[in-house]
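Remarks on the overall topology
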Amino acid sequence: MQNKTKEAAAIICRSKLSLALTGAGISVESGIPDFRSTDGLWARYDPMEYGTISAFRRNPQKVWDMVAEMSALMNNARPNTAHVGLARLQQLGLLHTIITQNVDNLHQAGGATRVIEFHGNSSSLICLWCGERYRSQSLSGKMPPKCDCGRILKPEVVFFGEPIPSAALAESSRLAAACEALLVVGTSAEVSPANTIPAMAKSAGAKIIEINLNPTVLTESLTDLFLPGKATEMVSQLVEAVEEAIPPSRDGHLHP
Ligand code: APR
């Protein structure tokens, strides 16, 4: 195991309040493409034509061509060892909250208890005309799903040009300003305001630990420890190092 992983584990064990910020990269090994890698979603769908709220209002049927493809992948996806590993850190009392940009619900499916969904969740749909809300599972398989009022429903995920849910934004900012360690996993940190969270944490004195396949805009500027590699491998190694660093209690078990 790399010394940097042991150093990261020590930071997590010492930290009185640790957070995680995750992006699409943590779910790639669950079969859901990310956005900006060469084989990512935006390589096949122009975000200006498929990812903005004005594109949705202009042609919801067209946007649902992409959304339906992503929904099918998400419905078949299972949490991977990175999702489960972060949940384990929460069970050990060493990870307060996961702030995720993802809408795939895989953190919760992997056992995470406190998750802030910065960009919403694809399992909820809303009618932009009458405000009616639906659970996506409650609808027939017909695409695109329609409201009882007849209009095409919108997934309750944040499209470009839409605001971040105010409670998610407020709580994320509050925690970022108070944390002592921030674990950034699988995000390019290209999209605002999610990409301001590492800077908020840094200015509060937190240590930034970054897990990514490749360096990002954070790596040379804000990151204290860069752990290059796949999220499943690096998070698993980090959790292993944390569990080795925690003294077992008298009954020989690790207790949160
Ligand atoms: N393990 C670790 N990192 C990975 C893996 C992996 N298996 N696969 C990809 N990555 C990394 C990529 O190198 C990249 O840095 O994950 C990052 C994914 O970046 P993006 O595709 O930009 O996804 P994300 O940062 O989540 O995008 C933020 O942009 O389009 C919007 O709303 C969308 O929430 C999304 C936001």
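Before reading further, recall that the structure is shown in the block above.
To keep things clear, this report deals only with the structure shown in the data block. Computed from a prediction, not measured in an experiment: that's the story for all the values here. Along every chain, residues carry numbers that run from 1 in the direction the sequence is written. Residues qualify for local features only when their pLDDT is at least 70, as the model is predicted, and side-chain atom pairs are given and counted only at 80 or more; totals for whole chains, interfaces and linings, by contrast, use all residues. Only hydrogens and water are set aside; all other atoms, that is, all heavy atoms of the structure, feed into the side-chain values.

Attention now goes to the overall build of the chain. Helix and strand labels come from DSSP, where a helix needs a run of H or I of at least four residues and a strand needs a run of E of at least two; each type is numbered from the N terminus. Scanning the chain from terminus to terminus reveals nine helices and nine strands. Across its three principal directions, the C-alpha atoms of the chain cover 60 × 40 × 30 Å. Burial classes: relative accessible area under 20% of the type maximum marks a residue as buried, over 50% as exposed, and values in between as partly exposed (1.4 Å probe, protein chains only). The buried share of the chain, reckoned over its 256 residues, is 49%. Expressed as a percentage of contacts within the chain between residues at least 6 apart in sequence, the contacts between residues at least 24 apart total 65%. Carbon and sulfur atoms form 52% of the exposed surface of the chain, whose accessible area is close to 12,100 Å². For the purpose of charge, His is not counted, nor are the chain termini; Lys and Arg are scored as positive and Asp and Glu as negative. A charge is said to be at NZ when it belongs to Lys, at CZ for Arg, at CG for Asp and at CD for Glu. In the chain, which carries 23 positive and 25 negative side-chain charges, the distance between the mean positions of the two groups comes to 4 Å. Note on contacts: a residue pair is in contact if any heavy atoms of the two residues lie within 4.5 Å. Per-residue and other accessible areas follow the Shrake-Rupley method at a 1.4 Å probe size, with only the shown protein chains counted as cover for residues.

This paragraph deals with the pairing of strand β1 (residues 18–22). Burial runs high along β1: five of the five residues are buried. Of the two faces of β1, the one lined by Ser 18, Ala 20 and Thr 22 and the one lined by Leu 19 and Leu 21 are each fully buried. At least two DSSP bridges between two strands are required for those strands to pair. The sheet contact formed by β1 and strand β7 (residues 181–185) spans five bridges and is parallel. Within β7, the position partnered with Leu 19 by the bridge is Leu 182. Here β1 pairs with strand β2 (residues 97–100) via four bridges, running parallel. Bridge pairing links Ala 20 to Ile 98 in β2.

So, on to the pattern of salt bridges. The term salt bridge refers to a side-chain nitrogen of Lys or Arg lying within 4 Å of a carboxyl oxygen of Asp or Glu. For the structure on display, the rule yields eight salt bridges. As a salt-bridge pair, Glu 49 and Lys 62 come within 2.7 Å of each other at their nearest N and O atoms. Linking Glu 49 in helix α2 (residues 47–50) with Lys 62 in helix α4 (residues 60–76), this pair joins segments that are 13 residues apart in sequence. Among the residues examined, Lys 62 registers a relative accessible area of 25% and is labelled partly exposed.

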